[in-house]
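Structure assessment
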Amino acid sequence: MPTPGPLPRRPRSSGGVARRTLLAGAIGGLIAPALLSACGPSAGGGASNPGGGGVSFTFWGPDFYQQFTTKMVDAFTAAHPEAPVSLQPAEWGGYWDKLAISVAGGTTPDVINMDGKYIAEYSGRGVLADLEALEGLDLSGIDDADLDAGRVDGTLTGISTGSNAWVVVVNPQLFADAGVEIPDDTTWTWDDYLQIATRISESGVATGVTGGGSYADLTVFLRQRGEDLWAADGMGCSEESLAAWFQLYKDLQDSGATLAADAAVEDGSATLEQQAFSTARSAMSWTWTNQLAAVRDAAGNQEIAMLRAPSAAGSAQENGMFKKASMYWSVAADSADPAGAAALVDFLLNAPEAQAIQLLNRGVPSNPVAIEAMGEDLTDTDREVIDFLDAITPELGAAPAVQPMGTADAQNTFTRLLTDVRFGSATPAEAAAATLAEVNGMVEA
């Protein structure tokens, strides 16, 4: 991780139905005036330009994100004194409600920090501009995968701030203590994954594997079967493949390769520092590449290593991995100053001085010039993450389909039904059918 500190764990969002209602009301003008009064010029958490005016810029993140982002904006305004910027930061938990209320009140920020869970929501309602139509925004240094990750129905409404990949992390010492070799991650299969985890558990040294069970490894699993998690009108996978994913987690539990149901639920709700992998009670887990330093720091173990995901075919070229945009920069379609907004986004993406401040906090940029600008401020772990992403990039397929409108809280469904499978209150087939019915029912036309 970069020098500002370990990447904080992002709190899970709540109130998804209310948030969708707010956004729907924003478009239809249905938000009550009393509610809109909460979204005035002082609604932001701070301002680089307290007097107002100029380009308004909203983003999420804890205190140190706000600190380094303010420094980036200060560098922009030093270079562009004619373009003041008003900052509207927020913590993740309240960010989306504030944004929806701003849209409802006709005060949509000019530059918006956007996330993959919501980009289709805002794009589909006409809130976000086509970035390729904006003058002054240079996208030539961004690779096609990062560009495609921000397209909704073919229109680029979000530009990736940088990428991550969902990987298996391993504790080499626990493998050695259990007498188990770390697998060749270019050839290992799901069967290998299960057998290795089981052997480690049987050794008594530690539990074989914990973590996972998210949309990320589900996406990887489905892509190996020629399917995708999402389609334009809902989930893009078959009931059979979804049931196979639930079955994988049941098999891990039944074999003793992972924690029992109650312990797994407890571990999933624990802080990073308290989780089984961080406390050397499990030998494998899952994380995003940009959290490697946070995981190492939490575990007090700098030897923790990353592996590619297992595959069905035993081939890295067919393992279904993908680069995920950590987050996006978007511009409001009704911005009163699209040129100023484009200039700010261009600076955030391309200016060497901005990259030297941000480092890898918003993912690994695909622009090599941006990485070069970070220079000696990159840690050894940062370099390791960059090298890992470089190594797997030739193996990756197309970007996954964008999550459709209305499904922002689908992860809660995946988690709840996986828990039902773990506790034996639903079979994998029943959980798959229920998942498809529930999530597809969220989709907004």
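All of the points below concern the structure found in this document. Nothing here was measured: the structure is a model prediction, and the numbers come from that model. (Residues numbered from 1 in each chain as written. Predicted model: local features only at pLDDT ≥ 70, side-chain atom pairs only at ≥ 80, totals over all residues. Heavy atoms only, no water.)

Describing the environment of Gln253
Convention followed: Note on conventions: DSSP H or I runs of at least 4 residues are helices, E runs of at least 2 residues are strands, and numbering of each starts at the N terminus.
Relative to the elements of secondary structure, Gln253 occurs in helix α10 (residues 239-255). Remark: the alpha-carbon pair of Gln253 and Ala264, spanning 11 residues in sequence, is separated by 9.4 Å.

Considering the sheet that holds strand β8 (residues 166-170)
Which entries qualify depends on this criterion: Any two strands with at least two DSSP-identified bridges between them are counted as paired. For helices, the fitted axis covers only the stretch in contact; all axes are lines through C-alpha atoms, and the angles between them, taken along N-to-C directions, range from 0 to 180 degrees.
Spatial ordering of the open sheet is given by β9-β12-β8-β13, a layout of four strands whose pairing is mixed. Both edges of this open sheet fall to β9 (207-209) and β13 (305-307), since each of them pairs with a single strand only. Between one strand axis and the next, the sheet turns through 35° on average, direction left out of account. Relative to strand β12 (residues 282-288), β8 runs antiparallel, the two sharing five bridges. Each bridged residue has a counterpart across the sheet, and for Val167 the counterpart in β12 is Thr287.

With respect to the sheet that holds strand β15 (residues 328-331)
Backbone hydrogen bonds are what pair the strands of a sheet, in a parallel or an antiparallel way. Where we set the bar: Should any heavy atoms of two residues lie within 4.5 Å, those residues are counted as being in contact.
In spatial order, the strands read β2-β1-β3-β15-β6; together these five strands make up an open sheet with mixed pairing. This sheet does not close on itself; its edge strands, each paired only once, are β2 (85-90) and β6 (159-160). Sheet strands touched by helix α3 (residues 63-79): β1 (55-60) and β2. Its angle to β2, the strand with the most contacts, is close to 170°.

Considerations on the packing of aromatic side chains
The condition that has to hold: For Phe, Tyr and Trp, where Trp contributes only its six-membered ring, two rings pair if their centres lie within 6.5 Å, and the inter-plane angle classes them as stacked under 30 degrees, edge-to-face over 60, or tilted in between. We call a charge positioned above a ring when the Lys NZ or Arg CZ atom is no farther than 6 Å from the ring centre and deviates by at most 35 degrees from the ring normal.
One pass over the structure, following the stated rule, counts 25 aromatic pairs. Seen in terms of ring centroids, Tyr193 and Trp286 are 6.1 Å apart; in terms of plane orientation they differ by 65°. Their pairing is edge-to-face. Residue Tyr193 is located in helix α8 (residues 190-203), and its partner Trp286 is located in strand β12; the two are separated by 93 residues in the primary sequence. Put simply, the rings of Trp166, Trp188, Trp190, Tyr193, Tyr215, Phe221, Trp286, Trp288 and Phe322 touch in pairs and so form one group of aromatic residues. The ring of Trp288 has Lys324 sitting right over it, with the charged end atom 5.7 Å from the ring centre.

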